[in-house]
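Each chain, written out:
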Amino acid sequence: MRAFELESVEAIDQAVSHRRVHDGEAFIAGGTTLLDLVKLDVMQPEKVVDVTRLPLKRIETLEDGRLKIGALVSNTELAKHEIVLRDYPVLSEALLSGASTGLRNMASTGGNVMQRTRCPYFRDPDMPCNKREPGTGCSALDGINRNHAVLGTSEHCIATHPSDMCVGMVAAGATLVLEGPDGQREVAFEDYHLLPGDHPEREHDLKPGELITHVILDTPRGGGQHYLKLRDRASYEFALASCAAIVSLDGDNVSEVRVALGGVATKPWRATAAEEALKGQPATQENFERAADAAFTDAVAYSHNGYKITLGKQAIARALRDATARARA
Amino acid sequence: MSDSIIGAGPKRIDGQRKVTGEAPYAADHHPDNMAYGYGVFSTIASGTITGLDLEAARQSPGVIDIFHHNHFPELHRTPSSMAQGNKVEETRLPFEDNRVHYEGQFVALVVADTFDNARAAARKVGVSYQRDDAIANLDQGVKAHGTKPGSGNHERGDAEGNFDGAAHSIDVTYTTPVETHNPMEMHASVASWEGDRLSIFESSQGVVQQRGALSKIFGIPPSHIRVESPFIGSGFGSKLWMWPHAVAASVAARETGRPVQLVVPRPQMFTTTGHRPETRQRMRLATDDNGRLVSLRHESINTTSFTDQYVETCGSVTQSLYSCPNLTVSHETTRVNRGTPTSMRAPGAAPGLFALESAIDEMALAAGVDPLEFRLNNYADRDESQDLDFSSNHIREATEKAAEKFGWHDRNPEVGSMRDGHEIVGYGMAACNWEAIKRECEARVSLRADGTAYVTCATQDIGTGTYTIIAQTVSDITGLGLEKITVRLGDTSYPNGPISGGSWTTATTLPAVAAATREAIKELKGYATSEKGDFADVDNDSDSLVFENGQLTHDGQGVNYVDVLKGQKLASADGHAHTQGADDRYSYRSFGAHFVEVRWDPGISNLRVSRVVSAIDVGRVINSLTARNQVEGAIVMGLGMAHFEATDYDARNGRPVNNNYAEYVVPVHADQPPEVDVILLDYPDLEFNEFGARGIGEIGITGMAAAVANAVYHATGKRIRDLPIFKEKLMENIPAVQSA
């Protein structure tokens, strides 16, 4: 590991003023992504700014009914918070399906939003990677890509976004609060992560020096909720395909539905085509499968990951079925 | 022999030291003034180093020296003979020349004052290469340069001539991928020199072999080398033989004049410390009308390195498990640009029984016979490959007992016919088998005046319970409680002991320890019957002088052995023993059978193993807790082999890409089947040794992958002949590749 300077900050304005983040500086909270990548020599920050003392550890209900979550709330605390368990069970399930207890205790809400891909070529400084070193090429396209994305890919990058939490947040609906040298702004969660396109090195809408301070969840959607994660082993593995589903019923018909996907896409993926296909329709298995098909219309299969198109559809159909059962309960 | 302690289930006597962190592992040693090494590893799989740019690394903080092929002392290769006690798997020395034979090979070693400084500097070493085309896998190797004959071949009768006209036959090919051992504790060396004497702490399954190899490599007598490995965080075979890092650490320590610690980073645990090689196995089987085998051919090819030939003896079990007059087993190797493979838990048998026991299942189906009945009809009653009786073989009882407990007879043989909710249930079975080996061994036992016993042997406890069963042995003979017995292992300053491998530690060390204990008692009797002794009038060979429960007794008069020693002002009575390996009167093997239930949910393509019943015949069980633990652990490792594990090499450059614990998938707790039922038959094999124990570390993994694959076939109708059984191999309607 290369040596870096470590600075601790006590206040948000101290954290965000005059930062060169993106350019030799990095924020650190739980460190579960950053330190791994520094040890692998994938990230080489000259300076690391420790933000763990900032007052961003609260979960509070806003007057309009939304839930405001401090960026330093740990994954464990968020997953087990009584309001989350009651009003956003899909988020709690997503969080608890990720990583291990030890990692969830360390990992923060803001850090989870910022976690980097597990693409092995990104994590290997000796291999070309457009995300790590723009213009060097994508090793995964013709390499081993069983774990890679089928949605939102480009000819420059097919790496998945690895988070479970973010998939739950996309389904629940959320807004990110960002603090920067030029003040505070809000970004819709769905718009925050960027598709790789021609610039896979640009992963999100965070301007230099900005820090995620809060995630605000939309007012609770009610309905039946479920997060289903499919993988090889039963725990401690990133999703091969996952689905967060929220279903509200009007009689036997689906009145409102939210579908988000993980493990199959280059960013936490809102499957609007699936939602549109199902909304207003009877909540039947046939319709769930039709919605699932709609989500993958534009999917691209690479040499080892065509199965993810099938698996992703299965995740959607099963998650919708189970969320619907809960909506009926 | 008392029945109380042999066969009982005392907890590991070293358990508390391990769970409290008190037990020292190799990298826990920090001699004064120690420096740290960190490797620079090749980023190509084949080629030549054309240049090294060391300037930036030399300027890096704390750097002491940087070793490479132009800056490394001339050493000698070891002849690599197990019999001579100097075997290594990779005979090429690190930094021997500028050739690169595999990705992740040592190309330089940075030594610095701290670990972090060494690692930081290692990243600054620039290496330029002349890159050659790499042979990245078995198919490429066979295509490029064919195969080379291996060892362990066998032929009897005329397998070819009895195949074509047979009533039923199959001709199928199985493949298994590279598996990596992945012990939790990474390979590590801490080397120090005092003059021309080398002392090294190593995470090793074989300290005596490592001493012998270092002796040959450095040209110094074995008596000048001490290798210590009191505790290891598992090895699974990867730590049987010394790897290049230990030579590199020893050289660095000698040249810098400081102790040097070198830990192999996790990614290079996939490249430079061995692996189970890739195999391709063609199976041709034929039966008569009655479903009796008339022809069996098992032809295996495995990958090896460009530096050494390692043969994975996949057909080792095939020779003798089933009765068949016409049988051929052959092993060949092909060279690829990977490091040298090595033994991994049940080498040969683990991949070999995946092929054999899958093929038996296919053969039974082709002959229209239930797979259980087919095995019972065809199991060999004697070892036809050696024309010897088995010393003890209860495979029929094991198979029937496990079948009964599992409920095999409730199985509906029709594929996909057993359902539970949206899951399809499949039942599969396989035989398991492993050779029983006993080696030469020495041990020393002291009965001490403080009322304790002290045992030494230069074997190792690799987590299996060797410390505990050795203490049980001494306790059994002396009557001393386990808490009074100190066992010291893993140090070449002790009497020569075996490598911890091949499942032979129990059968090898226990007779030596028992004999040494008896020698110590004999010496004690000599003291007691000497002129000033408590039994001065008794002949020291007299049968009437008995040692039991810590007492010497004669004619109803008992004296505590402590008092015997104190009476003579002696510290201890000592015994040393040197016992021999097994004879060849019988074929010594262990037997068993696995029964497995899988559940396949086609709606979400989820496969899990829900139930395992295994019955194992390994002779006498010495410690019921640690023995069961070995079989249960092997079963879980077998599940990993069946549907999770494979080291993925990028075919373009031979690089392992899933070289970490997140992407190289081994089973975790949540994958443990809800029911694992291990039946230990516990029939003493007294032809093998006085304890009747044959060893238990490896047999449990053999056959597991086949049992799972056979159950998967029963559930899904898909015969998976290529491990691992990834879900996409069972899925329908997978879209074709759309990208260019």
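Analysis parameters
Residues numbered from 1 in each chain as written. Chains lettered and ligands numbered in written order. Predicted model: local features only at pLDDT ≥ 70, side-chain atom pairs only at ≥ 80, totals over all residues. Heavy atoms only, no water. UniProt positions renumbered as here; feature names shortened; annotations may be inferred. Helix = DSSP H or I, 4+ residues; strand = E, 2+ residues; numbered from the N terminus. Buried < 20%, exposed > 50% of the residue type's maximum accessible area, 1.4 Å probe, protein only. Areas by Shrake-Rupley, 256 points an atom, 1.4 Å probe, with all protein chains shown as cover. Lys, Arg positive; Asp, Glu negative; His and termini not counted. Charge placed at Lys NZ, Arg CZ, Asp CG, Glu CD. Phe/Tyr/Trp six-rings, centres within 6.5 Å; stacked < 30°, edge-to-face > 60°. Lys NZ or Arg CZ within 6 Å of the ring centre and 35° of its normal. Domains from an automatic or database assignment. Contact = heavy atoms within 4.5 Å. Buried area = accessible area lost by both parts, 1.4 Å probe. Salt bridge = Lys/Arg side-chain N within 4 Å of Asp/Glu carboxyl O. 1 Å grid on protein atoms, 1.4 Å probe; cavity = no way out; pocket = protein on both sides within 12 Å on 5 of 7 lines; lining within 4 Å. Points joined across faces, edges and corners; volume = space filled by probe spheres on them. Pairing = 2+ DSSP bridges. Axes fitted to C-alpha atoms, helices over the stretch in contact; angles between N-to-C directions. Polar contact = N/O pair within 3.5 Å; in protein donor to acceptor, adjacent residues only side chain to side chain.

As recorded in an unreviewed UniProt entry, chain B goes by the name Xanthine dehydrogenase molybdenum binding subunit apoprotein, listed as coming from Kushneria indalinina DSM 14324. Quoted verbatim from the Sequence similarities (unreviewed entry) heading of the UniProt record, the comment on chain B is "Belongs to the xanthine dehydrogenase family."

As named in an unreviewed UniProt entry, chain A is Xanthine dehydrogenase YagS FAD-binding subunit, taken from Kushneria indalinina DSM 14324.

When its secondary structure is counted, chain A shows 12 helices and 12 strands. For chain A, the spread of C-alpha atoms along the principal axes amounts to about 60 × 50 × 35 Å. Per-residue burial over chain A gives 59% buried out of 329 residues. Surface exposure of chain A reaches about 12,800 Å², of which carbon and sulfur atoms provide 47%. Positive and negative side-chain charges in chain A, numbering 37 and 46 respectively, have mean positions lying 4 Å apart.

We now examine the packing of aromatic side chains. Residue and element names in this part refer to chain B. Within this structure, the stated rule accounts for 18 aromatic pairs over all chains. Seen in terms of ring centroids, Phe 547 and Tyr 561 are 6.0 Å apart; in terms of plane orientation they differ by 50°. Their pairing is tilted. Remark: Tyr 561 occurs in helix H13 (residues 561-567) and Phe 547 occurs in strand S22 (residues 546-548); sequence separation between them is 14 residues. A single burial state applies to Phe 547 and to Tyr 561, both of which are buried. Grouped by ring-pair contacts, the aromatic residues Phe 41, Phe 67, Phe 72, Phe 95 and Phe 106 constitute a single cluster. Above the ring of Trp 193, the side-chain terminus of Arg 254 is found at 5.7 Å from the ring centroid.

The next thing to look at is unusual backbone geometry. Residues and elements named next belong to chain B. A cis geometry characterises the amide bond from Leu 723 onward to Pro 724, with omega recorded as -10°. Its identity as a non-glycine residue notwithstanding, Phe 236 has a phi of 55°, on the positive side. Unusually for a residue other than glycine, Asp 682 sits at a positive phi of about 65°. Summarising the element assignment, Asp 682 is placed in the loop between strand S30 (675-680) and helix H15 (704-716). Taking relative accessible area as the criterion, Asp 682 reaches 36% and is therefore assigned partly exposed.

What follows deals with the domain arrangement of chain B. Residue and element names in this part refer to chain B. Its domain assignment divides chain B into domain 1 (15-21 + 441-579), domain 2 (31-132 + 184-233 + 239-270) and domain 3 (279-436 + 585-739). Between the C-alpha centres of domain 1 and domain 2 there is a distance of 39 Å. Residue-level contacts link 18 residues of domain 1 with 18 residues of domain 2. When domain 1 packs against domain 2, the two sides together hide about 1,400 Å² of surface, and 58% of this comes from carbon and sulfur. Our count for the contact surface shared by domain 1 and domain 2 stands at 1 salt bridge. Arg 226 is the partner of Asp 491 in a salt bridge, and the nearest nitrogen-oxygen pair spans 2.6 Å.

So, on to empty space enclosed by the protein. All names here are of chain A. Inspection of every chain in the model, using the stated rule, returns 8 cavities of 30 Å³ or more. Here the largest cavity is characterised by a volume of approximately 150 Å³. Taken together, 20 residues form the lining of the largest cavity, with Lys 131, His 161, His 193, Glu 203 and Thr 266 sitting closest to its centre.

The subject of this paragraph is the sheet that holds strand S24 (residues 557-560) of chain B. Paired through their backbone hydrogen bonds, the strands of a sheet run either parallel or antiparallel. All names here are of chain B. Spatially, the 3 strands line up as an open sheet ordered S22-S23-S24, and their pairing is antiparallel. What marks the edges here is a single partner per strand, and that holds for S22 and S24. Mean inter-strand twist for the sheet, computed between neighbouring axes without regard to direction, equals 30°. Note: S22 against strand S23 (residues 551-554), 3 bridges, orientation antiparallel. Following the sheet pairing, Phe 547 is matched in S23 by Leu 552.

As a further point, take the interface of chain A and chain B. One frequent convention defines the size of an interface as the accessible area lost when the parts assemble. Listed by partner, the interface residues are 42 residues for chain A and 43 residues for chain B. Counting across the interface, chain A meets chain B through 5 salt bridges. The partner of B:Arg655 in a salt bridge is A:Asp126, with the nearest N and O atoms 3.5 Å apart. On the surface where chain A and chain B come into contact, there are 15 residue pairs in polar contact (both at pLDDT 80 or more). Only helix H2 (34-39), strand S9 (224-230) and helix H12 (307-328) of chain A provide two or more residues apiece to the side of chain A that touches chain B. Ranked by residue count, the leading element in the side of chain A that touches chain B is H12(A), at 7 residues.

The UniProt record marks residues 20-133 of chain B with the feature "domain: Aldehyde oxidase/xanthine dehydrogenase a/b hammerhead" (unreviewed entry), using the residue numbering of this structure. Between the end C-alpha atoms of residues 20-133 of chain B there is a gap of 50 Å, over a span that is 11% helix and 31% strand.

Our next topic: the environment of B:Phe67. Residue and element names in this part refer to chain B. Relative to the assigned elements, Phe 67 resides in strand S3 (residues 63-68). For the pair formed by Phe 67 and Thr 517, sequence separation is 450 residues and the distance between their alpha carbons is 48 Å. Discounting residues that sit within four places of it in the chain, Phe 67 has contacts with Phe 72, Phe 95, Val 107, Ala 108, Leu 109, Val 111, Val 251, Ala 252, Glu 255 and Thr 256.

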